[in-house]
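Here is how the chains run, residue by residue.
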Amino acid sequence: MFAYYLDLALRSLKRNKVLTALMVLAIAVGIGASMTTLTVMHLLSGDPLPGRSQHIFYPQVDASPAGYAKGGPLDMLDYRSAVDLWSAHRADRQALLAGSDVKVRAPDARVPPLMVPMLATTSDFFAMFKVPFRYGSAWTAADAASRARVAVISSNLNDRLFGGADSVGKTLRLKDSDVRIVGVMDAWRPSPLFYDVRAGRFAEGQTSSFYDKPEDVFMPFFSGLEVNDGNFWQFTCWGNVATPGHLQDAPCVWVGLWVQLDSAAKVADYRAFIAHYAQQQKALGRFATTQTRMPSLMQWLVFNHVVPSDVKLQTWLAFAFLAICLFNMIGLLLAKFLRRSSEIGVRRALGASRGAIFAQCLVEAGMVGVVGGIGGWLLTLLGLWLVRRQPVEYADLAHLDIGMLGLTFALAVVASLMAGFLPALRASRVAPALQLKTL
Amino acid sequence: MDILPILSTLRRHKLTAWLLILEIALTCAIVCNAVFLIGQRLERMDMPSGVAEHELLQIQVADMVAPANPYARVAEDMAVLRQVPGVISVASSNQVPFGSSSSNSNIRLDPAQVRWTLSATTYFGENLPKTLGTRLVSGRDLESSDFVDVDVAMKALGTGDAKHLPSVILITQTLAERLWPGQNPLGHIIYLAPTVGLRVVGVLDSLVRPNAYDISKAQYTTIVPLRMGANKDQSYLIRCRPEDRAHVLDAALAALKKVDPQRVVTTRRSFDEVRRKFFQDDRAMAGMLVGVIAALLIVTALGIVGLASFWVAQRRRTIGVRRALGATRRNILNYFQTENFLLATIGIALGMALAYAINLFLMLHYELPRLPAIYFPVGAIALWLIGQLAVLGPALRAAAVPPVVATRSV
């Protein structure tokens, strides 16, 4: 029966090619626009650490003077609090991080010196965030303890300096120090670059920089601070900085602490631990407030409004656009079905039930949806190609995955069936007697 | 033109008529808001900088081998750059207008204030107002005796030694008016830190901040007489005639390389590029909105063509009867045009209300201002025009129906 309906639909669609083409075009354009923005939205609002993010937390305490930080602690930690919390080792894994730009030269490579971003962090970073390695591995806790001059580099930097060859054991000159490469990361592109997300609530929706690539050089926290001393970035300061870029004893927040807590009990314990730490520091007179905060990874991303407001606006716009395309299609389908009132009248007179007519019309709408879905898929590919050409940090992420591809077709068919519902209902109510009379 | 017969016909096609009205309303609402958003972006992209934009170049170098005396290095670089043919003026600066990366200070009017009054950007560097081409409205420019080396000032901050701190500051008119409304700002003191009070000696006409994201705070700008060292990621700003820019840039880079062949050029661009880069997101968004508006209007026009063709086909016999009874081709044409005009008008009226609702939603979620009334007629005229254009084809086909149709198969 279904095959027969398909055949009928095909004949009917062929009869008025212009109207059919208009409908297919309308649905394809609507689907193309909404799937392009939906794909970007999906990429930007996704979980950067699927399956693990619920165990990752970002604890914060507040060392700033009273009245300085409003509405909770500042987004990063001062050096002393960060090192105190880290060295207590109360979490399953913990990583300190501090950012800077570093001058890099590879004595073995004939490439001019580069300025690249560097992250000084502790060894748990790689295991906690499941960083993939192409060559070598992370440094060991012993390396970190002995303040060894070692580094992990990104695959991108490895390509630029060593043409993608195994560079483990080679030497890099970072600022004025020689550093041995112990590991080369494989391609790793968390979206967003969650561990560097901060201050999003002050960004006025301009948050596309959160989708930047990971740093190119990773060094053990304490030896990294020595090697690139004088270049570290502060988040904010409430007093005078004696030596800019050397912030260990400055009245500034500039260090991030990420912890992994594998059970709810441990999360509760850690919250109690930082609350206790804040009270103790206030008793010592170092803290003015005892406010703390410990969002989970996903809570922290939401708190920072990571999805750029332009992207959200585009998504709304695309769906309004799809709605207009659907209205358009309802009108065209109505015109198409009612034009065939006489044919429907004959079929009813020959014994087709209202349900059968309704089903036939819906099959026809669905067929438009499938063809429109193919067009929509092609237009989505075109749209994503356009997004990749945009000068935004997340441009290279814009690709269609299998799930979104399936969604494209599902959306096209569902949308056209919805659009077909009302016209099909109208067509099935055609009075056969009246139509036969005027034949 | 008789409207009543048209209305009574439309009453028999309620569903299709409402579909068309709703489509027009939705399109109208979105077009109004999209045009408004484009206007917003264009207004942002037009934000004045207060500097001679077409005459400026920015160069940033990183020294791989730290110079023995970073201040002497900057003085040497600036002297070398001044010698480059075509160069009118040279400045060193910690930041550039619209350059994104910025240095900001929390400004207090009283050293005892816990919470600062506002956050303003602080330009450091020599020869800035003259090179940037920003006009002094009152007071004086910074003089070489005002300047202090950044490192000396930083050390003095630590020790609380006021002698080695700068003592004066330049601010913009906008900032002066915000801090001391209606007063002469010259002589007032601004505190960048509780121990650092700077006397306002000059007022600048206009100078935009590097991080001008919020247009209302874009002119909260100060210039502090601090001399930059070569190890501070500072920029050299060069002013020359617009037509000389390309070769001055090349010659300037060659001159800087000659001072130290090992150094790496990290930034080299004209100010036009700085502006283009700063507003690239706005430009992309405006371009996308133009595309959306065009696509929407086309889709709506196609919808009108489709439905009008259907109606013409459905009413072929009626048209034939009217023609046989004496209606002219023009009457038939006018009939369909008026019908479309009526539908479009109802749609536009609904669309206006919807546009207002969408604007309220955007105001709530995206901090956009209220939609000015001027944007409503834009959407209305666009849709009336599109409607009339789209209906013209089917209406002409209707007018071409011969009266003889009336005699057939009735």
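Please read all numbers here as calculations on a predicted model, not as lab measurements. Each chain has its residues counted from 1, running along the sequence as written. Following the order in which they are written, the chains are lettered starting with A and the ligands numbered starting with 1. pLDDT decides what is reported in this predicted model: residues at 70 or higher carry local features, side-chain atom pairs at 80 or more are listed and counted, and totals for whole chains, interfaces and linings draw on all residues regardless. For the side-chain quantities, the full set of heavy atoms in the structure was used; hydrogens and water were omitted.

Peer 1: Explanation requested: the packing of helix H2 (residues 14-45) of chain B against helix H11 (residues 329-366) of chain B in the structure shown.
Peer 2: How two helices sit against one another is set out by the angle between their axes and by the gap between those axes. Residue and element names in this part refer to chain B. Contact geometry for H2 and H11: axes closest at 7 Å, N-to-C directions at 45°. It follows from the interaxial angle that H2 and H11 lie oblique. In this structure, H2 meets H11 at a crossing whose hand is right-handed. Side-chain classes are defined by residue name, with Ala, Val, Leu, Ile, Met, Phe, Trp, Tyr, Cys and Pro counting as nonpolar, Asp, Glu, Lys and Arg as charged, and the others, Gly among them, as polar. Among the residues forming the contact of H2 with H11, the class breakdown is 21 nonpolar, four polar and no charged. Orientation is described by axes fitted as lines to C-alpha atoms, over the contacting stretch for helices, and by angles from 0 to 180 degrees between their N-to-C directions. Here a helix means four or more residues in a row that DSSP labels H or I, a strand means two or more in a row labelled E, and each is numbered from the N terminus. To sort the angles, those under 35 degrees are grouped as roughly parallel, those over 145 as roughly antiparallel, those from 65 to 115 as roughly perpendicular, and the leftovers as oblique. Each helix crossing is assigned a hand: it is left-handed if the near helix lies turned anticlockwise from the far helix by less than a right angle, otherwise right-handed if that turn is clockwise.

Peer 1: What is the right way to read the domain arrangement of chain A from this model?
Peer 2: Accessible area lost upon the coming together of the parts is a frequently used measure of interface size. Residue and element names in this part refer to chain A. Note that the domain bounds reflect an automated or database-derived domain assignment. Structurally, chain A comprises domain 1 (2-47 + 308-437) and domain 2 (53-303). Listed as interface residues are ten residues of domain 1 and, on the opposing side, 13 residues of domain 2. Together domain 1 and domain 2 conceal approximately 1000 Å² of surface at their shared face, both sides included; 50% is due to carbon and sulfur atoms. The term buried area refers to how much accessible surface (probe radius 1.4 Å) is lost by two components on association, counted for both of them together. For domain 1, the biggest contributors to the area lost against domain 2 are Asp47, Pro308 and Glu393; these three give 47% of the whole. One side-chain nitrogen of Lys or Arg within 4 Å of one carboxyl oxygen of Asp or Glu is enough to make a salt bridge. Where domain 1 packs against domain 2, one counts one salt bridge. As used in this structure description, the phrase polar contact means that two N or O atoms lie within 3.5 Å; if the pair is within protein, one of them must be able to donate a hydrogen and the other to accept it, and residues adjacent in sequence are counted only when both atoms belong to side chains. Run the count over domain 1 and domain 2 and you get six residue pairs in polar contact (both at pLDDT 80 or more). Whether two residues touch is decided by their heavy atoms; if any such pair falls within 4.5 Å, the residues are in contact.

Peer 1: Just checking my understanding: could you explain unusual backbone geometry for this structure?
Peer 2: Trans is the prevailing form of peptide bonds, just as negative phi is the prevailing case for residues other than glycine. Cis geometry is adopted by the peptide bond preceding A:Pro192, which originates at A:Ser191 and carries an omega value of -5°. Counting through the fold element by element, A:Pro192 comes out in the loop between strand E8 (177-185) and strand E9 (217-220). Positioned with a positive phi, A:Arg147 is a non-glycine residue whose angle comes to about 55°. Within the secondary structure, A:Arg147 sits in the loop between helix H5 (141-145) and strand E6 (150-153). Overall, the relative accessible area of 41% leaves A:Arg147 in the partly exposed class. Here the phi dihedral of B:Ser100 falls at roughly 75°; this positive angle occurs in a residue that is not glycine. When accessible area is computed with a 1.4 Å probe and restricted to protein chains, residues below 20% of their type maximum are described as buried, those above 50% as exposed, and intermediate ones as partly exposed. Judged by its relative accessible area of 35%, B:Ser100 falls in the partly exposed class.

Peer 1: Can you walk me through helix H1 (residues 2-15) of chain A in this structure?
Peer 2: Because the α-helix completes a turn every 3.6 residues, residues three or four places apart line up on one side. Residue and element names in this part refer to chain A. The end-to-end C-alpha separation of H1 is 20 Å, in line with the 20 Å expected for 14 residues at 1.5 Å each. Tyr5, Leu8, Ala9, Ser12 and Leu13 are the residues of H1 that are buried. All buried residues of H1 project into a common sector of 130° when viewed along the axis, lining one side. Residues Ala3, Arg11 and Lys14 are exposed on H1 and point more than 90 degrees away from its buried face. Where the residues of H1 are buried, they touch helix H2 (17-44), helix H10 (309-339), helix H11 (341-349) and helix H12 (354-388). Here a helix's expected span is defined as the number of its residues, less one, multiplied by 1.5 Å. Working note: the arc is built from the helix axis to C-beta atom directions.

Peer 1: Which parts of the structure should I look at to understand the interface of chain A and chain B?
Peer 2: In this assembly, 44 residues from chain A lie in contact with 47 residues from chain B. Of the roughly 4200 Å² buried between chain A and chain B, counting both surfaces, carbon and sulfur atoms make up 70%. In this structure, B:Arg41 and A:Asp310 form a salt bridge, with 2.8 Å as the shortest nitrogen-oxygen distance. Counting the contacts that link chain A with chain B gives four residue pairs in polar contact (both at pLDDT 80 or more). Considered class by class, the residues forming the side of chain A that touches chain B number 27 nonpolar, nine polar and eight charged.

Peer 1: For this particular structure, what's the right way to read the packing of helix H3 (residues 70-83) of chain B against helix H7 (residues 245-259) of chain B?
Peer 2: Residue and element names in this part refer to chain B. Running from N to C, H3 and H7 cross one another at 140°; their axes reach a closest spacing of 9 Å. The orientation of H3 relative to H7 falls into the category oblique. Of the two elements, H3 crosses H7, and the hand of that crossing is right-handed. Only Ala252, Ala255, Leu256 and Val259 of H7 make contact with H3, whose side of the interface consists of Arg73, Glu76, Asp77, Val80 and Leu81.

Peer 1: What should I look at first to understand the side chain of A:Asn158 in this one?
Peer 2: All names here are of chain A. Mapped onto the fold, Asn158 is located in helix H6 (residues 155-162). When its relative accessible area of 0% is taken as the criterion, Asn158 is described as buried. Here Asn158 is in contact with Tyr135, Ile153, Gly163, Gly164, Ala165, Ser167 and Val184, once residues within four sequence places are set aside.

Peer 1: How do you make sense of the sheet that holds strand E2 (residues 87-93) of chain B when you look at a structure like this?
Peer 2: Backbone-to-backbone hydrogen bonds join strands into a sheet, with any given pair of strands oriented parallel or antiparallel. All names here are of chain B. DSSP bridges decide pairing: two strands pair if at least two such bridges lie between them. With antiparallel pairing, the four strands of this open sheet are ordered in space as E2-E12-E1-E13. If you trace the sheet from one side to the other, it starts and ends with E2 and strand E13 (264-270), each paired once. Neighbour-to-neighbour, the strand axes of the sheet open up by a mean angle of 20°, direction not taken into account. Against the sheet, H3 touches E2 and strand E12 (235-240), its axis set at about 160° to E2. Across the sheet, H7 touches strand E1 (56-62), E2, E12 and E13, and the angle it forms with E1 is around 25°.

Peer 1: Is there a simple way to think about the state of the cysteines in this case?
Peer 2: Here a disulfide denotes a covalent bond joining the sulfur atom of one cysteine to the sulfur atom of another. The disulfide criterion used throughout: a pair of cysteine sulfur atoms within 2.5 Å. Inspection of the entire model under this criterion finds one disulfide over all chains. Put simply, A:Cys237 and A:Cys252 are joined by a disulfide, and their sulfur atoms are 2.0 Å apart. A torsion of 100° about the S-S bond marks the disulfide between A:Cys237 and A:Cys252 as right-handed. Residue A:Cys237 is located in strand E10 (residues 236-237), and its partner A:Cys252 is located in strand E11 (residues 252-253); the two are separated by 15 residues in the primary sequence. Using a relative accessible area of 0% as the deciding quantity, one classes A:Cys252 as buried. In this structure B:Cys28 is not part of a disulfide, and its nearest cysteine sulfur, from B:Cys32, lies 4.3 Å away. With a relative accessible area of 0%, B:Cys28 lands in the buried category.

Peer 1: I tried to follow a nonpolar patch on the surface on my own but got confused; where do I start?
Peer 2: Patch membership needs two things, relative accessible area over 30% and no salt bridge, and members are linked within 9 Å if like-charged or within 5 Å if nonpolar (Val, Leu, Ile, Met, Phe, Trp, Tyr). Residue-level accessible areas treat just the shown protein chains as cover; the underlying method is Shrake-Rupley with a 1.4 Å probe. On the surface, a nonpolar cluster with roughly 320 Å² of combined accessible area is contributed by A:Val370, A:Ile374, A:Leu378 and A:Leu381. Within the secondary structure, A:Val370 sits in helix H12.

Peer 1: Help me understand the domain arrangement of chain B in this model?
Peer 2: Per the domain assignment, the segments making up chain B are domain 1 (4-46 + 281-407) and domain 2 (95-227). Relative to domain 2 of chain B, the C-alpha centre of domain 1 of chain B lies at a distance of 55 Å.

Peer 1: Is there a simple way to explain the pairing of strand E7 (residues 168-172) of chain B in this structure?
Peer 2: Every regular strand shows the same layout, with side chains that alternate between the two sheet faces. All names here are of chain B. The buried count for E7 comes to five of five residues, which makes it a mostly enclosed element. Along E7, one buried face is formed by Val168, Leu170 and Thr172 and the opposite face, lined by Ile169 and Ile171, is buried too. Pairing analysis gives five bridges linking E7 to strand E9 (residues 196-204), with the strands arranged parallel. Note on E9: the bridge partner recorded for Ile169 is Val200. With two bridges connecting them, E7 and strand E10 (residues 221-224) associate as antiparallel partners. Within the sheet, the bridge partner assigned to Leu170 lies in E10 and is Ile223.

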